[in-house]
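Per-entry structural report
Now for the letters of each chain:
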Amino acid sequence: MNQVVRLLKVSTLLIFYCQAQENKEPSWLDNMHENIVESVNDSALWFDEFFMLDQNSLSTEALGEARIQFGWSPRSRELNNFESRLKLRYKLPNLKNRVDLVLSDYDDEQADNPLHNTKIDNRSEQNRFSLALQWKAKPDSGLSHRIGIGRRLQPFVKSRYRSSLNLSSLADLRFETSAYYYSNDGFGTDFSLLYSYLFTPQSMFRFNNQFYFRGKSDDWLWQHSWQQLTQFDDKIAVINGFYIEGLSRPNYHLKEYLVSSRWRVNALRDWLFFEIEPFVTWRKDERFSPSYGISLRVEGFFGHT
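Below you will find a few notes about this structure. Quantities reported herein were computed from a predicted structural model and do not represent experimental measurements. (Residues numbered from 1 in each chain as written. Predicted model: local features only at pLDDT ≥ 70, side-chain atom pairs only at ≥ 80, totals over all residues. Heavy atoms only, no water.)

Looking now at the overall build of the protein. Helix and strand counts for the protein stand at 2 helices and 14 strands. Sorting the 305 residues of the protein into buried and exposed places 43% on the buried side. Within the protein, residue pairs in contact and separated by at least 24 positions form 48% of the contacts whose partners lie at least 6 positions apart. A total accessible area of about 17000 Å² is found for the protein, and carbon and sulfur atoms account for 58% of it. (Helix = DSSP H or I, 4+ residues; strand = E, 2+ residues; numbered from the N terminus. Buried < 20%, exposed > 50% of the residue type's maximum accessible area, 1.4 Å probe, protein only. Contact = heavy atoms within 4.5 Å. Areas by Shrake-Rupley, 256 points an atom, 1.4 Å probe, with all protein chains shown as cover.)

With that settled, the discussion passes to a nonpolar patch on the surface. A contiguous nonpolar surface patch, about 480 Å² in accessible area, is contributed by Trp 135, Ile 147, Val 157, Tyr 181 and Phe 187. Looking at where Trp 135 falls in the secondary structure, it is placed in strand 4 (residues 130–135). The exposure class assigned to Trp 135 is partly exposed, which follows from its relative accessible area of 35%. (Patch = residues over 30% accessible without salt bridge, like charges linked within 9 Å, V, L, I, M, F, W, Y side chains within 5 Å. Salt bridge = Lys/Arg side-chain N within 4 Å of Asp/Glu carboxyl O.)

Pairing of strand 5 (residues 143–150) with strand 6 (residues 154–166), which is carried by 8 bridges, proceeds in the antiparallel orientation. Counterpart to Ile 147 in the pairing with strand 6 is Val 157. Where strand 5 hands over to strand 6, the hairpin turn is made up of 3 residues, of which Arg 151 adopts a positive phi near 50°. Looking at chain direction, strand 6 and strand 7 (residues 171–182) are connected through 11 bridges and run antiparallel. If you follow Lys 158 over to strand 7, its bridge partner there is Tyr 180. Where strand 6 hands over to strand 7, the hairpin turn is made up of 4 residues, counted between the paired strands. (Pairing = 2+ DSSP bridges.)

Another point: unusual backbone geometry. Residue Pro 250 is reached from Arg 249 by a cis peptide bond, and omega for that bond is 0°. Positive phi, close to 60°, is recorded for Arg 287, a residue that is not glycine. Within the secondary structure, Arg 287 sits in the loop between strand 13 (272–283) and strand 14 (290–302). Relative accessible area serves as the criterion here: at 79%, Arg 287 is assigned to the exposed category.

Turning to the packing of aromatic side chains, a few remarks are in order. If you walk through the whole model with that rule in mind, you get 15 aromatic pairs. Taking the centre distance of 4.9 Å and the plane angle of 15° together, the rings of Tyr 257 and Trp 282 count as stacked. One end of the pair, Tyr 257, is in strand 12 (residues 253–266); the other, Trp 282, is in strand 13, with 25 residues separating them in the sequence. When its relative accessible area of 24% is taken as the criterion, Tyr 257 is described as partly exposed. Each residue in the set Phe 207, Trp 226, Phe 242, Tyr 257, Trp 282 and Phe 288 is aromatic and connected to the rest through ring pairs, giving one cluster. Its end group placed over the ring of Tyr 182, Arg 151 keeps NZ or CZ at 4.1 Å from the ring centre. (Phe/Tyr/Trp six-rings, centres within 6.5 Å; stacked < 30°, edge-to-face > 60°. Lys NZ or Arg CZ within 6 Å of the ring centre and 35° of its normal.)

Following this line, the structure appears as structure tokens:
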């Protein structure tokens, strides 16, 4: 545990040192960002032209965005837990902004939950590459549909519905459900219910319940989480959380629980983010003995805000 604390301190100091040196950074960082943004937008324009129905209505407003993340999450008993994420999204004006093209190497519709890093769901170890068209009847509709390929190049279709309810000026409730079909994995569905309460303008509490039915294994994966979010300023935020996860077969049972504190810092550039997340996890396959770890991540956003 002392090693984790020391690593956390060193990483925090490194981030703030880099932030203090922002004005001294060489221009190659900005040049790299500009080149990637230009490449992403050129690809967005190409895709938009591909779907253009009227050759006289050429759109020059097609834009794309990319998110790239690299991370390392060592813990006792598992030191080589590296991760990377890539997501590209293209808006297609020639289809009346109702259709997006989404490419990612992970299931981007899953909640960002640290339990996913522990691979309780075996499918998280498989190839998660996905390429899909997503469309809505109206740009602001809560109902969306996807068709594409994913999970080892399986054709799939998926529909999702989102809705929210304001309970008061401080509390709201968000509901989300989806159903999908993959050619090999078969049918699946999930739903979640998220309650949020705003304590102060800078602090919020969230209670989230999620259930995933997996047709291939004919069981339910369930997750519950309690989070406290604090925004210190426009550069630094922290999420303290407690998470539990389990399965429905052979009976409703716990597989893992985890506590963590995720610190997110916007440093060097407004498009660059760093995360430090010390955590402790207890897993059934390890007889619920504590395992200490820390996640270190860097994420870049390439697009127009």
